[in-house]
Amino acid sequence: MTGAVSVLDTEVFTLLGVRRDGVASVVDLVADDVGAARRRAQALLKEHASCEAVELWRDGGLIEKLLRA
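The text that follows walks through the structure, step by step, so that each part is easy to find.

The rules behind these values
- Residues numbered from 1 in each chain as written.
- Predicted model: local features only at pLDDT ≥ 70, side-chain atom pairs only at ≥ 80, totals over all residues.
- Heavy atoms only, no water.
- Salt bridge = Lys/Arg side-chain N within 4 Å of Asp/Glu carboxyl O.
- Buried < 20%, exposed > 50% of the residue type's maximum accessible area, 1.4 Å probe, protein only.
- Pairing = 2+ DSSP bridges.
- Helix = DSSP H or I, 4+ residues; strand = E, 2+ residues; numbered from the N terminus.
- Axes fitted to C-alpha atoms, helices over the stretch in contact; angles between N-to-C directions.
- Core = buried A, V, L, I, M, F, W, Y, C linked by side-chain atoms within 4.5 Å.
- Contact = heavy atoms within 4.5 Å.

With that settled, the discussion passes to the pattern of salt bridges. Side chains that differ in charge, positive against negative, can pair when their charged atoms come close. Counting across every chain of the model gives 6 salt bridges. Linking D21 and R19 is a salt bridge whose minimum nitrogen-to-oxygen distance equals 2.5 Å. Given a relative accessible area of 52%, D21 falls into the exposed group. Taking the relative accessible area as the measure of exposure, R19 reaches 34% and is therefore partly exposed.

Here's what the structure looks like:
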């Protein structure tokens, strides 16, 4: 397969978009590395005005919490 991405070359992250009222939306994300996942989390925060924060998780552990400026 040309251009295919191997699952072994990627990591699975979870993005948790948290609203002010505490309601959260979850997005599972396959990314090459934590930097790519962080960029997607930042984009999600910009795209969704209702989110006050986006949490970046992997393997059940919180990596980072990005807050709306």
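What follows deals with the sheet that holds strand β4 (residues 61–67). With antiparallel pairing, 4 strands are arranged side by side in an open sheet as β2-β1-β3-β4. Unpaired on one side and paired on the other, β2 (24–31) and β4 mark the two borders of the sheet. Neighbour-to-neighbour, the strand axes of the sheet open up by a mean angle of 25°, direction not taken into account.

What follows is about the nonpolar core. In this structure, F13, L15, L29, A31, A37, A41, L44, L45, C51, V54, L56 and L66 together form the largest nonpolar core, which totals 12 residues. Elements with a minimum of two residues in this core: β1 (11–19), β2, α1 (34–47) and β3 (51–58). Those residues in contact with L15, other than ones at most four positions away along the chain, are S25, V26, V27, L29, A37, R40, A41, L44, V54, E55 and L56.

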